[in-house]
Amino acid sequence: SFLGTQTAFSVIGWTSQSGFPVMIPPVHSDTLQILYQPSNPDFTTAVLALKNNDSTKARGDMNPFYINLQGQILSTMFQVDKRTVDFGEICVGDTAHRTVRITNVGNLSGTVQEPENKYGKIKLVPITKAFPFELEQNEYEDLEITFIPNERGEIWDTVHFQSDPC
């Protein structure tokens with residue numbers, strides 16, 4: 001079992017497919033598989049306590065046997081401040097502008113590639129940089145979205161950002 005309230009680490013099971021509790025004969029071994037799945041890129045620690053029947057105490061008290069675990073995901077993680085941008089009512093041929101901010105909330109620098117928009121109804125232009133551009137950890141760039149409708153009615157579009165690495 002894990003000590004504390006951490007949720008990034010979980011037990012998958014033994015490679016031998018043994019259940020719990022497991023019986024490991026003397027001079028034999030088995031491998032406990034641990035899944036590391038953090039919810040954020042912060043450094044994570046945990047303590048795994050393995051209860052056992054080692055009562056020899058020749059090497060000190062080994063019951064439970066404590067194993068310190070630690071991990072950190074290194075990746076870029078880009079976040080936009082608006083997942084939906086509404087231009088409201090605009091006449092055909094008029095121009096509307098909105099601004100969205102993209103921030104690297106990961107812990108590695110990353111490159112933002114020029115986005116693809118599904119229907120080509122909008123144009124995105126970085127305000128201080130040019131595509132592709134790099135963002136360090138916690139750095140952001142504002143993007144100006146330009147929309148010029150060429151037809152009447154409700155118009156939807158979807159923008160997809162790709163980043164390197166990860």
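Small disclaimer: the values here were computed from a predicted structure and weren't measured.

Reading guide: rules and limits
- Residues numbered from 1 in each chain as written.
- Predicted model: local features only at pLDDT ≥ 70, side-chain atom pairs only at ≥ 80, totals over all residues.
- Heavy atoms only, no water.
- Pairing = 2+ DSSP bridges.
- Helix = DSSP H or I, 4+ residues; strand = E, 2+ residues; numbered from the N terminus.
- Axes fitted to C-alpha atoms, helices over the stretch in contact; angles between N-to-C directions.
- Contact = heavy atoms within 4.5 Å.
- Buried < 20%, exposed > 50% of the residue type's maximum accessible area, 1.4 Å probe, protein only.

What to know about the sheet that holds strand β6 (residues 78-80)
Moving on, step 1. Read from one edge of the open sheet, four strands run β6-β7-β12-β10, paired in antiparallel fashion. Pairing within the sheet leaves two strands with one partner each, and these edge strands are β6 and β10 (122-126). In this sheet, neighbouring strand axes are inclined to one another by 30° on average, regardless of whether the strands run parallel or antiparallel.
Moving on, step 2. As paired elements, strand β7 (residues 96-104) and strand β12 (residues 140-147) share eight bridges and run antiparallel to each other. Residue pairing for β12: H97 is matched across the bridge by T146.

A closer look at the sheet that holds strand β14 (residues 163-164)
Moving on, step 1. Here three strands make up an open sheet; going across it, the order is β11-β8-β14 and the pairing antiparallel. Because the sheet does not close on itself, it has two edges, and the strands there are β11 (133-135) and β14.
Moving on, step 2. Bridge analysis of strand β8 (residues 110-112) against β11 gives three bridges, and the strand direction is antiparallel. Looking at the pairing, V112 lines up with F133 of β11.

A few points about the side chain of T103
Moving on, step 1. Within the secondary structure layout, T103 lies in strand β7.
Moving on, step 2. The contact partners of T103, leaving out residues within four places of it in the chain, are M77, F78, Q79, N138, E139 and Y140.

Topic: the environment of L108
Moving on, step 1. For L108, the location among the structural elements is in the loop between β7 and β8.
Moving on, step 2. With relative accessibility at 29%, the residue L108 sits in the partly exposed group.
Moving on, step 3. If we skip the residues at most four places from it in the chain, L108 touches L74, S75, T76 and L135.

Description of unusual backbone geometry
Moving on, step 1. F20 connects to P21 through a cis peptide bond whose omega is -5°.
Moving on, step 2. Structurally, P21 is set in the loop between β2 (9-14) and β3 (32-36).
Moving on, step 3. With an omega of -15°, the peptide bond running from F131 to P132 counts as cis.
Moving on, step 4. For P132, the location among the structural elements is in the loop between β10 and β11.
Moving on, step 5. The backbone phi angle of V27 is positive, close to 60°, even though this residue is not glycine.
Moving on, step 6. Looking at where V27 falls in the secondary structure, it is placed in the loop between β2 and β3.
Moving on, step 7. With a relative accessible area of 84%, V27 lands in the exposed category.
Moving on, step 8. Look at N138: it is not a glycine, yet its phi comes out positive at around 65°.
Moving on, step 9. Assignment of secondary structure puts N138 in the loop between β11 and β12.

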